[in-house]
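Understanding the architecture of this molecule
Spelled out from the first residue to the last, the chains are:
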Amino acid sequence: MQSLYLVHLDRHHLGDKLFLKSLAQHFAKAPAGEPPVLLVHGSGEKVERTLESKGYFPERTDGVLQVETADQRRLVERAVRETNQEIVAALTDEVVSTVGIQGVDRTLLRRGAEEGLRAENASWLVPLIKQRVIPVVSGLVDDGEVEEVWPADVIVALATALAEDFDPVACTLSTAERAGLPGPEGVRSTAPVDAVDDEQVSEPSAVRRFVEAGLPTLVTTLGGLLAEEGPTGTQITPSVPSESRDPSAA
C-alpha cells in the first residue's frame, strides 16, 4: 500500500512567523500529492499570548493547555480554528490543493472514557488524499463541549483509522536544518527513541507516543519529507532493553 505521512505541526514550528510560508513553498515545489501527506496541529503559541493578555496562565500537559473555565475553552477553540485557517490560507496562496478540517467536523474525532481518542468517521478523508488534496486537521474534539486534544493522539487515532487504505507513517519535524538526527557520519538512518531529545525535536514526548503506538516514525524536515527521491530522515525505533543489548556492540 501507499505510505501516508501524518505530520505533526508542533508549537515550535507554528510559532515561527516564517514557517507557514516555507511550508507552503515546499509543497508548491513538490509534485502534487507526492508523497501523500496529512497535517495535524493544535493551538500553537498564539493562544498562550491571548490567555495571558486576559490574566490566564494555564500550564500545558502533553502539549495541551489545562484550561479551567468556559471562557478559556472558547479562547482555545477560537485559536485552534484560526490556526487551521492560517495554515490552509498559506498553502492556498501557493496554489497547493488543501482543505481545513476541524476535529469536530463530521464527528471525525471522538473520545471515550476507556478507549481514549478515536477517529470514528475518517473514511471520507481517503478520497481527498487520493485526489492529491492535503487535509489539515486540528486537534478539537466535542465531549459535550469542544476541547483541544494532543495532536500526537490525533495522529495515532487517524493512523489507526486509515490503516486499511494506507501505510501510515508519523512524522516529527526536526528543529535543526538537518533532515534527521545527527550521527558521526551525518544523519542517522535509524535511532532508538531514547536518542530523541529536545535538542533535535521540540516535543520528544510526541515521538515516544508514536513509537509506543507501534507507528513507523520519521524525524525529518520539510525538505527531507518532500525530497525528490522520496522522504528521508531518521527512522525512530523502540529502545532495546538494557538486558537485551549485545555487550560486544558497546
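Right, let's walk through the structure included here. As the structure is a computational prediction, the values presented were derived from the model and not from experiment.

Basis of the calculations
Residue indices begin from 1 for each chain and proceed along its sequence in written order. Where totals are concerned, whole chains, interfaces and linings use all residues; where local detail is concerned, this predicted model gives features only for residues with pLDDT of at least 70, and gives and counts side-chain atom pairs only at 80 or more. To obtain the side-chain values, all non-hydrogen atoms of the structure were included, while hydrogens and water were left out. Only the six-membered ring of Trp is used, alongside the rings of Phe and Tyr, when aromatic pairs are assigned; centres must lie within 6.5 Å, and planes under 30 degrees apart are stacked while those over 60 apart are edge-to-face, with the rest tilted. As a reminder, the over-ring test applies to NZ of lysine and CZ of arginine, requiring each to be within 6 Å of the ring centre and within 35 degrees of the ring normal. Only strands joined by at least two bridges in the DSSP assignment are considered to pair. We count a stretch as a helix when DSSP gives it H or I for four or more residues in a row; a strand needs E for two or more, and each element gets its number in order from the N terminus. Throughout, an axis means a line fitted to C-alpha atoms (over the contacting stretch in the case of helices), and angles, computed between N-to-C directions, take values from 0 to 180 degrees. Contact criterion: two residues are considered in contact whenever any of their non-hydrogen atoms come within 4.5 Å of each other. Residues enter a nonpolar core if they are buried and are Ala, Val, Leu, Ile, Met, Phe, Trp, Tyr or Cys, with the set joined through side-chain atoms within 4.5 Å. A 1.4 Å probe rolled over the protein chains alone gives each residue an accessible area, and that area as a share of the maximum for its type sets the label: buried under 20%, exposed over 50%, partly exposed in between. Space inside and on the surface of the protein is sampled on a 1 Å grid over the protein atoms alone, with a cavity defined as a set of points where a 1.4 Å probe fits but cannot get out and a pocket as an open set with protein on both sides within 12 Å along at least 5 of 7 lines; lining residues have an atom within 4 Å of a point. Grid points are joined across faces, edges and corners, and a volume is the space filled by probe spheres set on the points. Basically, the charged four are Asp, Glu, Lys and Arg, the nonpolar ten are Ala, Val, Leu, Ile, Met, Phe, Trp, Tyr, Cys and Pro, and anything else, Gly included, counts as polar. A pairing counts as a salt bridge when a side-chain nitrogen of Lys or Arg comes within 4 Å of a carboxyl oxygen of Asp or Glu. Crossing handedness is read from the near helix: turned anticlockwise from the far helix by less than a right angle, it gives a left-handed crossing, and turned clockwise, a right-handed one.

**Considering the packing of aromatic side chains**
Applying the stated rule across the entire model yields zero aromatic pairs. If you follow Arg-106 out to its NZ or CZ, it ends over the ring of Trp-124, 4.2 Å from the centre. Above the plane of the ring of Phe-166 lies Lys-130, whose end atom (NZ or CZ) is 5.8 Å from the centre.

**What to know about the sheet that holds strand E5 (residues 98–101)**
Hydrogen bonds along the backbone pair up the strands of a sheet, which may run parallel or antiparallel. The sheet built from eight strands is open, its strands ordered E5-E8-E2-E1-E11-E15-E16-E14 with mixed pairing. Two strands bound the open sheet, and with one partner strand each, they are E5 and strand E14 (190–192). With direction set aside, neighbouring strand axes in the sheet form an average angle of 25°. With three bridges connecting them, strand E2 (residues 37–41) and strand E8 (residues 134–138) associate as parallel partners. Each bridged residue has a counterpart across the sheet, and for Val-40 the counterpart in E8 is Val-137. Contacts between helix H2 (residues 19–29) and the sheet are confined to strand E1 (3–9), E2, E8 and strand E11 (167–173), with E2 contributing the most and set at about 170° to the helix.

**Here's the deal with the nonpolar core**
In this structure, Leu-38, Leu-108, Leu-125, Val-137, Val-154, Leu-158 and Phe-210 are the most contacted members of the largest nonpolar core, which totals 32 residues. Taken together, the elements giving at least two residues each to this core come down to E1, E2, strand E7 (116–119), helix H5 (125–130), helix H6 (151–162) and helix H7 (204–212). Among the elements that line this core, the one with the most residues is H6, at eight residues. Beyond its immediate sequence surroundings of up to four residues, Leu-125 is in contact with Leu-38, Ile-101, Leu-108 and Leu-158. Counting residues in hydrophobic clusters, the runner-up holds 26 residues, among them Leu-9, Ala-90, Val-96 and Leu-222.

**Details of the pairing of E11**
Burial within E11 is extensive, with six of its seven residues counted as buried. When E1 meets E11, the two strands line up parallel, connected through six bridges. Paired with Leu-6 across the bridge in E11 is Ala-170. Sheet topology note: the E11/strand E15 (residues 217–220) ladder contains four bridges and is parallel. Each bridged residue has a counterpart across the sheet, and for Thr-172 the counterpart in E15 is Val-219.

**Concerning unusual backbone geometry**
The residue Arg-106 is not glycine, and still its phi comes out positive at about 50°. Tracing the chain through its elements places Arg-106 in the loop between E5 and strand E6 (109–112). Phi is positive for Thr-107, close to 50°, though the residue is something other than glycine. Secondary-structure assignment places Thr-107 in the loop between E5 and E6.

**Observations regarding empty space enclosed by the protein**
One pass over the full model with this rule turns up two cavities of 30 Å³ or more. In this structure, the largest cavity encloses a volume near 70 Å³. Lining the largest cavity are 14 residues; nearest its centre among them are His-8, Arg-11, Gly-42, Pro-151 and Glu-203. Those elements giving two or more residues to the lining of the largest cavity turn out to be E1 and helix H1 (11–14). Residue composition of the lining of the largest cavity, by class: four nonpolar, five polar and five charged.

**Re the pattern of salt bridges**
If the charged atoms of two oppositely charged side chains come close together, the side chains can form a pair. Scanning the model with the defined rule gives 10 salt bridges in all. For Glu-145, the salt bridge identified is with Arg-73, shortest N-O distance 3.5 Å. In this pair, Glu-145 sits in the loop between strand E9 (140–142) and strand E10 (146–148) while Arg-73 sits in helix H4 (residues 70–93), placing the two residues 72 residues apart along the sequence. Given a relative accessible area of 18%, Arg-73 falls into the buried group. Of the charged contacts, one joins Glu-82 and Arg-78 as a salt bridge, the two residues approaching to 4.0 Å between their closest N and O atoms.

**Concerning the packing of helix H3 (residues 46–53) against H4**
Running from N to C, H3 and H4 point in directions that differ by 145°, and their axes come no closer than 9 Å. The way H3 lies across H4 gives a crossing that is right-handed. Contacts from Lys-46, Val-47, Thr-50 and Leu-51 of H3 reach H4 at Gln-72, Leu-75, Val-76, Arg-78, Ala-79, Glu-82 and Glu-86. Tallied by class, residues from the contact of H3 with H4 come to five nonpolar, two polar and four charged.

Note that every value here comes from positions in space, so none of it alone points to a role or purpose.
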